[in-house]
Amino acid sequence: MVHSDLSKAGSWMRLTDEFLNSPLPNTDGTKTDAHYSLLSLLLFLSESPSNTNFTERPRVKEAEEVDNFDWASYLLEDEDIDTGPYPDTPEWSEEESEDDDSQQPISREDSGIQLDKTPQEDQDNNNKTVPVTWTVGEPDARVWLEQHVVTPYWVAHAPRFPHSLHLHSNLLNVWDQHLYNTDPLYLPEEKAFVTETQVIRETLWLLSGVKKHFIFQHHDGKVSVRNNVVVTHLTSNCLRSVLEHIAVYGQAVFRLQRFIDEVTGYSSEPSPPSSCSSYSSKKGSEPPFRTYQAFVWALNKYFTGFKEELTTIEKELICNDETVTLSAVLERLNPHLAQIKVLHKVFCTGVAEVPPETPNVVRASHLLNTLYKAIIEYDSVGEASEQAVALLFSLWTETVRPYLEIVDEWIVHGHLFDPAKEFIIQRNKDVPVNHRDFWYATYTLYSISETVENEEKLNDAASGSSGGDQGSNSRQLTMVSFLKPVLKQIIMAGKSMQLLRNLDCKETEQSEKSFRDAERKSLYTLFLESVQSRLCSQDQSPTDTVTEQQATKRSLIKMQSIVAQNLEIEDVHDPLLAINFARLYLEQSDFHERFSGGDFIVDRSSQSVTCQTFELTLRSCLYPHIERRYIECCGNLMKTLKKDYKLLEYLQAMRNYFLLEAGDTMYDFYTAIFDKVQEKECWQQPSFLNVQLQEAVGQRYPEDSSRLSIFLENMDPARKKHPVNNLEVLTLSYKVPWPVDIVISSECQKIYNQVFLLLLQIKWAKYSLDTLRFSDFTAVTKKREGALAEEVKVKEPINQQIHRMCLLRVKLMHFVNSLHNYITTRILHSTGLEFQHQVQEAKDLDQLIKIHYRYLATIHDRCLLREKVSFVKEAIMKVLNLVLIFSDRWQAGFGAWKIESIDKMESDFKNCHMFLVTILNKAVCRGSFPHLESLALSLMAGFEQC
């Protein structure tokens, strides 16, 4: 309302609304800025609209005159036209009115510019239009057809399209004319003319995965270019070179798309033997394993974004707002084409080149290795391949997801879930968890030989990390490269967790673990979060990067001057060489100390290193999570074995009984045997031996009496002629419960038994010498003095013989005591202390097994039981056997044996003693057996008095 004038207000509202809703010339739409600008202009031009007397006058619109003139009949008056069965249906041309207006000649004779005219032959061809019908009375349908129907350039003898007569637009005709004039044998071929817009659209269709084209042809998985396709403004060779370049990328897209279809849709479409993927040769009913599915998912994500870019370009081409050329499209797609080339290379190496019927574990590991090596290769180039590294890294993070999920399930829940058998570690289901061989024979580690390309199985031996020790072989065995640094930790954590799940743990602990597991993040999620935080930390500190770049630049300038000075000394004046040497030495942290001697320090963090950043990413984002889980799992297992299953107590029990550390208990056992031997009674009876063992152990260790037993084994009759070998029929056995028998295995008990028998033989010799009495020897001798009176007169006196026997006894006792002290103190006791300390520091069960094996190997070696030093043991056994013979003759007294046997015993002992002293001294001087030094010195002291 204007000044309460209702008529003026109504007229104002009606007229302004009518004006705002009316179209303006050269302006699309209503209520635009132009409408409001005109209203504002009129308002400013008026002096005082509210004070003006205004009376609205009615306006009558003039009706538009209808042109009823029949222009068609007038224009076709002298033409003979076949109207067909429907004469009322009009014909129309594809030429638009705007084209006709644009083709009007422009008078520019004075400018020297050629006039663009449509050739007469093109006009004739345009007259031969394809008849198209439409519904009479629907003008919008005709307009839509005129704007959207494409000339069928793909049919034979397709109609020519109009084009300019400009020289640049007729380069093909000019080149053909030149060939016709210069080559008398030139024969023009029939050509299929297309526009550059059509070439661009088919290029976009080809790269988007469409298989049916006119310009490009598909045959046996290969993409080729049609020979007769030409454009007017390019020569055929030039166009063909460009299109063949595009066809290479189209073929790469086709191969990748076909692989995606095979994996995602189980495509049963038959493919030729030379097709891209050998995966189609697998059974059609067999589903693809998860690594290929993840790889295809990553490829599909990339191609989704790539097709969106192609669609955007095609929409811009359809809108025709700007001039779009093929070179501009290729330049825009150049980064994508470079990425497709990288993807196709990875696909060919990692998937297509794998032979048919290859196991899934080889396929998966080979694909992951290919991606890993490709990232390292492109990463080493530096900034020139940042996009390729980013693409490959995203592809690798998606492809590695199944592997990390398998690892996570194994090290967290103790379950190796791998139904497709694609993981490099596979479960041997024939061995149950509660079997004593679980730790050694449950899992198999697979690796592939790159030289011969065959599969090899590496049994997971006692170390549990056999894969890591195979790299020194002549054939380089490869596995999933990114897992190599933590493969041992994965195996240990997985086996430890599976073993923990089968132990009798408390229910409260199980419930707490399940509650914690519900809130736990998976290994893959933790890895992605670590990568994201690492990248964000690099992006959020631009000042540090600038500071580091400035420091690097200053260091480079300083280093360049230093290197230039060194080069001038050699009469070399090459600044480029100096710069490159400076960059080379800049990679070393101590280059200033080597060349300038200064204390200039360059801050070079791990993020500033241009090469090997992918390995650093794994080291900081993936490996710590696996290490943390490894420490937790193995620590819990070790704690459970030590606390709930008394592992340390069983290890101590083995040393108590087999290594005779429980001296008083085992003394009661073996002295009963030695007494039987001296009394010439039969002692090789299992019942007698087990009764003596049970009585001896039951008094002090009643819990072990039911676990210990002793057996008799057969012995070679040839060895029975030496008394000291009679003890070799004994075999001590200790029943170790599961899971402690994983550490104390039957092989370990065999080594324990060898040391046990050696100790028994030494104890027997020592006991035999210790129990000899001078009074017994004198009493037996007096009984036989009468019978030997005449013989004694001939030979040396009997007192002198007694003296010789006593001296020999002392020498033998010195030898046996030296050997006994060396074994018990220098070997068993000191080595046992080291073993106990190492057991307390063991982080996992595999390390504990290695420590135990190393301990047994050490005492086995230092007790001279190794085959390499068997000659030393034989000399010792001769002396021990001589001790037993000497003890028997001592107890028998004079007359039971000839006096010459004393000479032989002294001679044999002297020879063995001399041999051992010589051998041990040489070994000590070489430094190969430092532990023998105490034994050599002790025997040397006794040898000087011989």
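Here the structure is a predicted model, which is why all the values come from computation and not from measurement.

**Student:** Sorry if this is basic, but what is going on with the overall build of the protein chain here?
**Tutor:** For the protein chain, the count of helices and strands is 34 helices and ten strands. Across the 946 residues in the protein chain, those meeting the buried criterion constitute 40%. Total accessible area on the protein chain stands at roughly 54,300 Å², and carbon and sulfur atoms take up 52% of it.

**Student:** Looking at this structure, I do not really get the side chain of Gln-749. What am I missing?
**Tutor:** With respect to the element layout, Gln-749 can be found in helix 27 (residues 746-770). On the basis of relative accessibility, which here comes to 12%, the residue Gln-749 falls in the buried class. Here Gln-749 is in contact with Met-654, Phe-658, Leu-732, Ser-733, Tyr-734, Val-736 and Ile-744, once residues within four sequence places are set aside.

**Student:** Teacher, can you tell me more about a nonpolar patch on the surface here?
**Tutor:** Together, Phe-69, Trp-71, Tyr-74, Leu-75 and Leu-76 make up a nonpolar patch on the protein surface, roughly 580 Å² of accessible area in all. Of note, Trp-71 is situated in helix 3 (residues 71-75). Relative accessible area serves as the criterion here: at 47%, Trp-71 is assigned to the partly exposed category.

**Student:** Teacher, can you tell me more about the nonpolar core here?
**Tutor:** If you look at soluble globular proteins, the nonpolar side chains tend to sit buried side by side. Of all hydrophobic cores here, the largest spans 221 residues; its most connected members are Trp-396, Phe-423, Ile-425, Phe-482, Leu-730 and Leu-845. Here this core takes 16 residues from helix 30 (residues 798-841), the largest share from any one element.

**Student:** Would you take a moment to explain the environment of Val-229 for this structure?
**Tutor:** Along the chain, Val-229 falls in strand 4 (residues 229-230). Sequence separation of Val-229 and Glu-190 is 39 residues, and the distance between their C-alpha atoms is 9.4 Å. Contacts of Val-229, omitting those with residues within four sequence positions, involve Ala-192, Val-194, Phe-214, Ile-215 and Leu-239.

**Student:** Just checking my understanding: could you explain the packing of aromatic side chains for this structure?
**Tutor:** Given two aromatic rings, one states the distance between the centres and the angle between the planes to describe the pair. This structure, assessed with the given rule, holds 23 aromatic pairs. Aromatic pair Phe-658 and Tyr-752: ring centres 5.6 Å apart, planes at 45 degrees, arrangement tilted. Taken together, the positions of Phe-658 in helix 24 (residues 647-658) and Tyr-752 in helix 27 put the pair 94 residues apart, joining distant regions of the chain. Exposure remark for Phe-658: the relative accessible area of 0% places this residue in the buried category. Connected via pairs of aromatic rings, a cluster forms that spans Phe-259, Phe-289, Tyr-292, Phe-295 and Phe-347. When the ring centre of Phe-688 is taken as reference, the NZ or CZ atom of Lys-676 above it lies at 5.1 Å.

**Student:** Before we go on, may I ask you to explain empty space enclosed by the protein in this structure?
**Tutor:** Here the idea is plain: a probe the size of a water molecule rolls over the atoms and shows the empty space left. All chains considered together, the criterion is met by one cavity of 30 Å³ or more. Taken as a whole, the largest cavity holds about 50 Å³ of empty space. If you go around the largest cavity, the residues you meet are Leu-758, Ile-762, Leu-819, Ile-823, Cys-863, Leu-864, Lys-873, Ile-876 and Met-877. Counting residues per element, the ones that place at least two in the lining of the largest cavity are helix 27, helix 30 and helix 32 (870-892). Here the lining of the largest cavity takes three residues from helix 32, the largest share from any one element.

**Student:** What am I meant to see in the pattern of salt bridges here?
**Tutor:** A side chain of one charge can pair with a side chain of the opposite charge if their charged atoms are brought near each other. In the structure shown here, the tally under the stated rule is 22 salt bridges. For the salt bridge of Glu-422 with Arg-290, the shortest nitrogen-to-oxygen distance reads 3.9 Å. With Glu-422 in the loop between helix 14 (401-413) and strand 5 (425-427) and Arg-290 in helix 10 (residues 290-319), this residue pair connects regions lying 132 residues apart in the sequence. Among the residues examined, Glu-422 registers a relative accessible area of 1% and is labelled buried. Residues participating in the shared-partner salt-bridge network are Arg-290, Arg-401, Glu-405 and Glu-422.

**Student:** Explain helix 14 here, please?
**Tutor:** Counting along an α-helix, one turn takes 3.6 residues, and residues three or four places apart therefore face a common direction. Here helix 14 contains 13 residues, and its C-alpha end-to-end distance of 17 Å stays within 8% of the 18 Å for a straight helix at 1.5 Å per residue. Of all the positions in helix 14, only Pro-402, Tyr-403, Leu-404, Ile-406, Val-407, Asp-408, Trp-410, Ile-411 and Val-412 are classed as buried. Gly-414 lies just past helix 14 and shows a positive phi near 75 degrees.

**Student:** Even after reading the chapter, I still don't get the side chain of Glu-398, so can you show me in this structure?
**Tutor:** Inspection of the secondary structure puts Glu-398 in helix 13 (residues 386-399). Setting aside its immediate chain neighbours within four residues, Glu-398 contacts Ala-294, Trp-297, Ala-298, Lys-301 and Tyr-524.

**Student:** Could you clarify how one ought to interpret the environment of Arg-427 in this entry?
**Tutor:** Here Arg-427 shows up in strand 5. Owing to a relative accessible area of 24%, Arg-427 belongs among the partly exposed residues under this scheme. Along the sequence, Arg-427 and His-415 sit twelve residues apart, while their C-alpha atoms lie 9.6 Å from each other. With residues near it in sequence (within four places) discarded, Arg-427 still touches Leu-416, Pro-432, Val-433, Thr-442, Tyr-443 and Gln-498.

**Student:** It is not clear to me how the confidence of the model for the protein chain should be interpreted in this structure. Could you clarify?
**Tutor:** As a note on interpretation, predicted positions should not be read in detail where pLDDT is low. Averaged over all residues, the pLDDT of the protein chain equals 76, while 72% of them reach at least 70. Summarising per-element confidence for the protein chain, the mean pLDDT is lowest in strand 7 (residues 455-459) (40) and highest in helix 11 (residues 326-352) (92). Note on residues 267-278: pLDDT is under 50 here. Beyond four places in sequence and across chains, it has 22 contacts. Of the regions scoring below 50 in pLDDT, residues 280-284 engages in nine contacts with residues more than four places distant in sequence or in other chains.

**Student:** In this structure, what is going on with the pairing of strand 10 (residues 730-734)? I would like to understand it.
**Tutor:** Across a regular strand the side chains alternate sides, sitting on one face of the sheet and then on the other. The element strand 10 is extensively covered by neighbouring structure, given that five of its five residues are classed as buried. Two elements, strand 9 (residues 708-712) and strand 10, share five bridges in a ladder whose sense is antiparallel. Pairing of Leu-712 across the sheet is with Leu-730, part of strand 10.

**Student:** Hey, could you run me through unusual backbone geometry in this one?
**Tutor:** As a rule of thumb, non-glycine residues mostly have phi less than zero, and peptide bonds are mostly trans rather than cis. With an omega dihedral of 5 degrees, the bond running from Trp-738 to Pro-739 counts as a cis peptide bond. With phi around 55 degrees, Lys-421 is a residue other than glycine that occupies positive phi space. Considering the arrangement of structural elements, one finds Lys-421 in the loop between helix 14 and strand 5. Located in the positive-phi region is Lys-646, a residue other than glycine, with phi close to 55 degrees. Examined against the element boundaries, Lys-646 turns out to sit in the loop between helix 23 (623-643) and helix 24.

About the thresholds
- Residues numbered from 1 in each chain as written.
- Predicted model: local features only at pLDDT ≥ 70, side-chain atom pairs only at ≥ 80, totals over all residues.
- Heavy atoms only, no water.
- Helix = DSSP H or I, 4+ residues; strand = E, 2+ residues; numbered from the N terminus.
- Buried < 20%, exposed > 50% of the residue type's maximum accessible area, 1.4 Å probe, protein only.
- Areas by Shrake-Rupley, 256 points an atom, 1.4 Å probe, with all protein chains shown as cover.
- Contact = heavy atoms within 4.5 Å.
- Patch = residues over 30% accessible without salt bridge, like charges linked within 9 Å, V, L, I, M, F, W, Y side chains within 5 Å.
- Salt bridge = Lys/Arg side-chain N within 4 Å of Asp/Glu carboxyl O.
- Core = buried A, V, L, I, M, F, W, Y, C linked by side-chain atoms within 4.5 Å.
- Phe/Tyr/Trp six-rings, centres within 6.5 Å; stacked < 30°, edge-to-face > 60°.
- Lys NZ or Arg CZ within 6 Å of the ring centre and 35° of its normal.
- 1 Å grid on protein atoms, 1.4 Å probe; cavity = no way out; pocket = protein on both sides within 12 Å on 5 of 7 lines; lining within 4 Å.
- Points joined across faces, edges and corners; volume = space filled by probe spheres on them.
- Expected span 1.5 Å × (residues − 1).
- pLDDT = per-residue confidence, 0-100.
- Pairing = 2+ DSSP bridges.

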